[in-house]
Amino acid sequence: MNLLPTEEQQQIVDMVRGFLAGNAPLERLRPDKFGQIGNPDAALWPKMAELGILGLGVPEDGGGLGLSAVEETLTYIEFGRALVSIGVLGATLGAHLAARDAPDVAAAIMGGSTAVGLATPRGAVEHSDGRFSGEFHLIEADEAEFVLLLTSEAIALFRNEDFTDRSARLSMDSHMRLMRARLDDGKALGWSSVTEGVDHARANLLIAAYATGLAEAALAGAVDYAKVREQFGKPIGSFQAIKHKCADMAIAAEVASCQVSFASVILAKDSEESRFHALAARIVAVDAALKNGATGIQVHGAIGFTAEVEAHLFVKRAHLIDFIGGDQRVQKAQFIGADAVM
Amino acid sequence: MNLLPTEEQQQIVDMVRGFLAGNAPLERLRPDKFGQIGNPDAALWPKMAELGILGLGVPEDGGGLGLSAVEETLTYIEFGRALVSIGVLGATLGAHLAARDAPDVAAAIMGGSTAVGLATPRGAVEHSDGRFSGEFHLIEADEAEFVLLLTSEAIALFRNEDFTDRSARLSMDSHMRLMRARLDDGKALGWSSVTEGVDHARANLLIAAYATGLAEAALAGAVDYAKVREQFGKPIGSFQAIKHKCADMAIAAEVASCQVSFASVILAKDSEESRFHALAARIVAVDAALKNGATGIQVHGAIGFTAEVEAHLFVKRAHLIDFIGGDQRVQKAQFIGADAVM
Amino acid sequence: MNLDYTAEDELFRAEAREWLDANVPREVRPPDGPGMRDFDLGWQRKQFEGGWAGVSWPVEYGGRGLSLTHQLIWYEEYAKAGGPNAELLFVGCNHAAPTIMARGSDEQKSYHLPRILSGEVAWCQGFSEPNNGSDLGGLKCRAEIVGDELVVNGSKIWTSSAHLADWQELLVRTDPAAPKHKGISWVICDMQTPGIELRPILIMTAPGHHHFNQVFYTDVRISLSNVVGEVNDGWKVAMSTLGFERGTAGMLENIRYGAVVERLVDMARQRLGTSALENDDIGQRLAQLRAEVTAVRAMTYRIASRAAIAPPGSEASLARAFFSQLQQRIRRIALDIIGPDSIELPDDDPWIRPYLRTYSNTIAAGTSEIQRNIIGERVLGLPR
Amino acid sequence: MNLDYTAEDELFRAEAREWLDANVPREVRPPDGPGMRDFDLGWQRKQFEGGWAGVSWPVEYGGRGLSLTHQLIWYEEYAKAGGPNAELLFVGCNHAAPTIMARGSDEQKSYHLPRILSGEVAWCQGFSEPNNGSDLGGLKCRAEIVGDELVVNGSKIWTSSAHLADWQELLVRTDPAAPKHKGISWVICDMQTPGIELRPILIMTAPGHHHFNQVFYTDVRISLSNVVGEVNDGWKVAMSTLGFERGTAGMLENIRYGAVVERLVDMARQRLGTSALENDDIGQRLAQLRAEVTAVRAMTYRIASRAAIAPPGSEASLARAFFSQLQQRIRRIALDIIGPDSIELPDDDPWIRPYLRTYSNTIAAGTSEIQRNIIGERVLGLPR
């Protein structure tokens with residue numbers, strides 16, 4: 001039993017972190033002088049594909065690197081820290097689904113030439129045997145060829161054009177492109193229900209890992225600021241009100257990080273307990289991301305409310321991912337119904 | 001419009017406060033050296049009756065002082081501050097109910113010679129036209145002649161002997177005598193439903209006022225301690241962690257106190273809005289009592305966990321009154337169903 | 001204690017209701033820019049012309065000279081009628097005007113007060129500086145006295161709507177040698193004066209919104225006749241304004257929130273059903289919020305009752321600290337009730353942007369931390 | 001990362017489970033008094049005789065010399081089997097013994113360790129003093145060196161179960177002239193020594209419970225051979241114990257809480273029905289607690305993983321601070337699930353008394369405030 005990364009795992013973390021520091025610094029998300037916000041991450045996919053990141057956890061015979069959910073999870077924490085477009089989730093999960101039934105699609109996704117958007121329900125979803133109907137939000141789907149749908153009951157991959165009645169919307173998280181669309185008896189290219197295999201649990205786990213990254217980065221930003229910003233002649237981090245806020249953020253991030261690691265090891269073993277532990281991870285990690293996002297703004301004082309620092313981006317991204325496949329309320333309702341895993 | 005006590009009202013507060021300081025100091029509730037806890041408040045009733053306190057709000061033609069719910073509420077804040085036996089609620093509400101239909105009972109209660117216990121449901125209550133069946137807790141009913149029952153739907157006065165299958169229980173709040181008992185189609189001497197008149201609203205209002213007193217006294221104890229107790233060479237009240245806890249307690253007490261005053265003025269006008277405002281008062285005030293009770297212990301540090309200070313008594317009494325006639329969950333369920341009062 | 005209103009009060013209430021029903025603007029208020037300025041000033045003019053702009057302002061300054069109870073009745077009816085949150089008017093009506101009334105010269109009064117009241121001009125604040133957000137005593141923006149003018153050099157920050165304002169209430173250091181809280185002056189500054197430059201500060205509510213500004217002053221010349229109160233006495237002048245802000249100025253906003261919660265209750269009932277709501281997590285939280293916002297109204301009444309006897313003191317900080325965090329919890333639950341569509345931010349959005357705005361409420365006018373220090377030290381008497 | 005167990009681990013687990021199933025006491029543990037002492041020591045003896053008392057203790061001291069993983073497996077099975085919370089053993093097994101192992105003389109080791117392990121004796125702690133609860137460096141209880149003895153005068157407070165203990169780990173000031181954290185010694189004190197008097201401190205869980213004591217020392221003579229480590233080096237000796245307490249010693253308790261939450265889930269399902277629970281306020285809060293207590297187990301694993309490399313540092317304070325407030329929330333929701341009968345306190349009550357006990361958990365071993373200072377300063381590097 002060991003819940004710390006191995007040397008090889010740490011090397012992967014360092015590689016991804018180094019790549020993102022060079023290619024996706026947080027400053028890329030600052031609005032320009034006209035207040036316009038672009039979406040700069042589309043250019044990342046081919047580069048990430050080159051490093052094998054998009055097919056990291058896909059089995060080697062499916063064209064991936066054949067690493068486990070543990071390594072995937074570690075990279076997703078880094079994605080969250082760098083606020084990488086949540087479209088990456090479409091790529092990873094899409095590649096997993098496609099690798100089984102549509103190897104050429106999987107190859108295209110892992111190669112970075114084909115983007116995968118995300119779909120999440122706006123209301124009730126009808127579903128029977130791989131055919132889905134309902135109203136959805138599409139996220140980061142504008143230039144995507146495929147769309148990965150996550151509901152609380154299933155995970156499924158579609159061609160983007162299967163979605164109709166599309167209309168663009170401004171997103172609360174202004175960096176993420178958003179639209180409304182619908183599916184009418186749309187047939188999935190591949191899909192799994194929540195009760196079979198680990199595809200659905202993997203989605204919750206990677207969302208949890210991403211959320212953990214958000215929580216950690218919000219903490220890091222707050223601590224950095226609390227060390228240098230002075231009020232009444234002292235760094236604000238020396239005041240208990242701020243210090244204890246940072247401590248609470250550190251606790252929340254640690255809780256999330258531990259459970260995410262734990263769940264990733266369980267899932268890597270393909271264990272029956274995956275669903276339970278991935279849900280637990282999602283609940284504590286999204287909670288941490290929301291709380292740390294909000295507290296991070298508060299620690300920054302007035303500047304936290306501005307677009308001149310990144311503090312606000314974490315809470316917005318946290319809200320966005322909260323709703324993907326069902327918000328905390330939906331997840332908790334599922335979780336309290338689940339059998340105990342001791 | 002004025003939400004501050006008039007001079008006459010302030011005189012009543014001062015009179016009650018003076019009486020309680022002399023006759024019911026908090027120290028009376030310290031365990032003796034054998035750890036035994038008595039219940040010293042039975043002796044208070046005749047003295048309070050002499051001052052007219054037990055029939056303060058009963059109309060003059062019913063044998064009371066004919067003051068309003070405003071004055072009653074102000075005295076109940078003092079009762080809460082002094083942790084007066086919650087049996088007083090049986091007396092006040094019982095006198096109100098009896099004054100209409102059983103004036104001799106009302107006179108006996110207001111005269112302090114006849115104690116009134118309290119009953120609160122342990123589960124579902126069957127009720128039809130003044131006849132009640134179910135399982136109950138009796139509080140402070142051991143030597144009482146009457147028992148006042150409060151449910152979320154009705155308020156009713158019974159003879160103590162109407163309750164059967166009695167068995168004593170130790171109470172979480174060790175100063176309050178507790179037993180289980182049942183009613184089988186017991187006929188009330190007098191009763192009102194939640195939808196008629198202000199009897200039921202008065203019960204919620206006085207519970208709220210009592211809770212406000214608990215919240216205020218817990219705050220006062222914490223602030224006194226924070227000013228004198230030193231750690232690391234400074235009074236602990238100078239540390240933000242403690243100072244901000246006290247500030248939060250002060251806010252909670254002020255919220256409760258304002259809404260309780262407001263609701264008392266509404267109820268004194270016999271307004272249709274009484275039910276709404278008394279429920280709101282009960283929700284914020286019991287919340288304040290529970291929170292301040294818990295925070296008060298925390299501010300006291302290790303000694304807060306002991307019977308050598310009163311801190312713990314407030315949270316226990318708060319839990320006890322929370323359950324009288326339905327806990328916060330029950331009250332909130334009712335309140336969210338109520339029509340808006342703007 | 002009483003909630004009695006005289007027949008005259010009730011008549012006033014009926015008149016207010018009638019006028020508001022007929023006149024409250026129905027169009028959506030633009031969230032920023034000149035459109036917002038036009039909207040807010042236009043609405044102020046309309047209220048002024050109707051005789052409702054200065055209910056409790058003295059008659060000599062164009063008001064109706066009525067009591068705080070009348071003001072409260074007006075606010076209640078305003079909230080019930082869904083009157084707009086015309087924030088651009090706030091500094092002028094609730095900061096600058098009360099300060100000028102209390103400490104201004106006759107000339108200052110006769111020039112500025114009517115213009116503020118009638119919606120001709122908008123004001124902004126110039127108190128905070130880049131390195132002392134919460135610590136007003138440490139302000140550094142310099143003003144040298146040269147002849148009968150002040151020459152201002154320095155910078156102010158977090159100035160709401162400076163880009164839309166005509167005038168600014170400006171705190172400057174006129175005596176750098178004096179102790180921290182002395183040597184400060186309170187000055188009326190014309191935003192068109194040469195030497196003033198703005199740097200817009202983009203805020204988090206949506207791309208392109210800026211609302212805040214940093215203001216730079218380079219040899220900005222302001223006549224000494226624009227100093228309110230005495231030179232070097234600006235700290236005390238400013239404190240009277242801040243006391244007002246912490247006291248009664250927030251009343252309208254507090255009362256408005258009752259209506260916000262009722263809209264949420266309606267939405268929740270529609271989404272979940274009235275009886276399913278009872279023990280539901282959302283229902284229980286909403287019940288708590290509903291009770292708390294009801295209590296806020298009671299707190300407002302108590303503040304008004306106290307204000308009838310003495311100027312608002314630090315007790316008002318209890319209500320303020322409570323309200324700012326309550327507001328955040330109220331706005332937050334909207335997302336849970338709305339559900340998935342919360343991730344959208346439509347132009348006419350009534351919920352998400354106000355939710356994001358709450359992140360500035362716990363910071364503006366002193367962070368929650370500072371508020372709690374004030375409560376601990378000034379209300380409870382705990383040591384510093 | 002892995003959660004792999006070797007075949008030998010699995011065998012160990014199976015043996016542990018079998019032994020626990022057969023031997024965990026089924027009677028209710030007395031809440032106080034000699035009955036509690038007999039219960040706890042008897043249970044320790046039983047574990048010792050079965051070979052389970054010192055899973056990770058070195059073989060030379062009577063343990064099995066197994067890894068922390070084995071210890072964790074034991075704790076997990078112990079929690080699953082519903083093993084009792086034998087608190088009286090805590091100081092001896094988790095404070096005194098590790099300290100003596102690390103810093104004690106051979107004589108101290110050979111005398112005390114077997115007696116602790118076999119359940120012959122109970123220990124208590126003597127660290128806190130009336131005027132420095134959280135500030136150990138400021139302790140004042142004096143010990144003068146007279147010949148080959150220490151003569152102790154002073155007082156200790158918050159000593160759990162001093163009235164039931166045979167030995168005490170006692171911190172005394174042996175050099176009053178030395179700086180704050182120097183001049184302290186860690187001493188083994190026989191509780192039967194003349195000059196020791198106890199004042200029971202009644203606690204809030206129920207009338208007559210005392211649990212805590214104040215201990216007074218009047219010319220108490222203790223042989224110098226009872227000093228652990230060097231004279232005047234007690235601060236460092238104590239810190240190694242505290243580090244241990246903040247690290248792995250809480251593991252069992254953390255794991256036990258998973259079972260507590262599952263009992264609450266069962267109760268809530270019975271009271272409200274499984275599907276009604278889903279969006280119910282209680283169901284949503286329970287789901288949150290269930291997820292958090294699951295994470296606590298993961299935190300425990302991570303601490304164990306770290307401990308395999310280096311002694312526990314301040315990171316463990318994250319888990320500790322989290323767990324103590326989580327414990328309080330878990331115990332609190334029991335009242336909402338039980339409903340009206342929560343106001344009773346039966347003798348064999350499994351819920352209300354543990355709820356009241358949580359008020360000491362956020363205070364014991366450093367208040368939540370001190371824990372947060374430690375996290376802020378030592379983990380995050382914020383200035384003091």
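Residues numbered from 1 in each chain as written. Chains lettered and ligands numbered in written order. Predicted model: local features only at pLDDT ≥ 70, side-chain atom pairs only at ≥ 80, totals over all residues. Heavy atoms only, no water.

1. With respect to the overall build of chain A
- If you tally the helices and strands in chain A, you get ten helices and nine strands.
- For 342 residues, the compact-globule estimate of 2.2 N^0.38 gives 20 Å, and chain A sits close to it at 19 Å.
- With respect to the principal axes defined by its C-alpha atoms, chain A has extents near 65 × 50 × 40 Å.
- Here chain A holds 342 residues, and the buried ones make up 68% of them.
- If you take every contact in chain A between residues at least 6 apart in sequence, the share linking residues at least 24 apart comes to 73%.
- Separation of charge centres in chain A, based on 30 positive and 44 negative side chains, amounts to 8 Å. (Helix = DSSP H or I, 4+ residues; strand = E, 2+ residues; numbered from the N terminus. Rg over C-alpha atoms; globule rule 2.2 N^0.38 Å. Buried < 20%, exposed > 50% of the residue type's maximum accessible area, 1.4 Å probe, protein only. Contact = heavy atoms within 4.5 Å. Lys, Arg positive; Asp, Glu negative; His and termini not counted. Charge placed at Lys NZ, Arg CZ, Asp CG, Glu CD.)

2. Comments concerning the domain arrangement of chain A
Residue and element names in this part refer to chain A.
- Domain boundaries in chain A define domain 1 (7-23 + 41-191) and domain 2 (199-337).
- Taken over C-alpha atoms, the centre of domain 1 sits 21 Å from the centre of domain 2.
- Each side of the interface is counted separately: domain 1 has 35 residues, and domain 2 has 34 residues.
- Between domain 1 and domain 2 lies a buried interface of about 3,000 Å² when both sides are counted; carbon and sulfur atoms form 70% of it. (Domains from an automatic or database assignment. Buried area = accessible area lost by both parts, 1.4 Å probe.)

3. Some words on the interface of chain B and chain D
- Contacts between chain B and chain D engage 41 residues on the former and 42 residues on the latter.
- Together chain B and chain D conceal approximately 3,500 Å² of surface at their shared face, both sides included; 62% is due to carbon and sulfur atoms.
- At the junction of chain B and chain D, the tally comes to seven salt bridges.
- On the surface where chain B and chain D come into contact, there are 15 residue pairs in polar contact (both at pLDDT 80 or more).
- Where the side of chain B that touches chain D is concerned, the elements lending two or more residues are β1 (116-128), β2 (131-139), β6 (178-187), β8 (230-231), α7 (240-268), α8 (274-300) and α9 (311-323) of chain B.
- Per-element accounting of the side of chain B that touches chain D gives the leading share, six residues, to α9(B). (Salt bridge = Lys/Arg side-chain N within 4 Å of Asp/Glu carboxyl O. Polar contact = N/O pair within 3.5 Å; in protein donor to acceptor, adjacent residues only side chain to side chain.)

4. Here we look at the packing of aromatic side chains
- By the definition in use, this model includes 42 aromatic pairs over all chains.
- Arranged with centres 5.6 Å apart and planes meeting at 85 degrees, the rings of F132(B) and F158(B) form a pair that is edge-to-face. Of the two residues, F132(B) sits in strand β2 while F158(B) sits in strand β4 (residues 154-159), which places them 26 residues apart along the sequence.
- Assessed through its relative accessible area of 1%, F132(B) is described here as buried.
- A relative accessible area of 0% places F158(B) in the buried class.
- Residues W19(C) and W52(C) carry aromatic rings whose centres are separated by 6.4 Å and whose planes lie at 40 degrees to one another, so their mutual orientation is tilted. Here W52(C) lies in the loop between α2 (33-50) and α3 (68-80) and W19(C) lies in helix α1 (residues 7-23), a separation of 33 residues in the sequence. The pair formed by W19(C) and W52(C) is uniform in burial state, with each residue classed as buried.
- Three or more aromatic residues joined by ring pairs form one cluster here, namely F12(C), W19(C), W43(C), W52(C), W74(C) and Y78(C).
- The aromatic ring of Y111(C) is capped on one face by R115(C), whose charged end is 3.8 Å from the ring centroid.
- One Lys or Arg, R64(D), reaches over the ring of W52(D) and ends 4.7 Å from the middle of that ring. (Phe/Tyr/Trp six-rings, centres within 6.5 Å; stacked < 30°, edge-to-face > 60°. Lys NZ or Arg CZ within 6 Å of the ring centre and 35° of its normal.)

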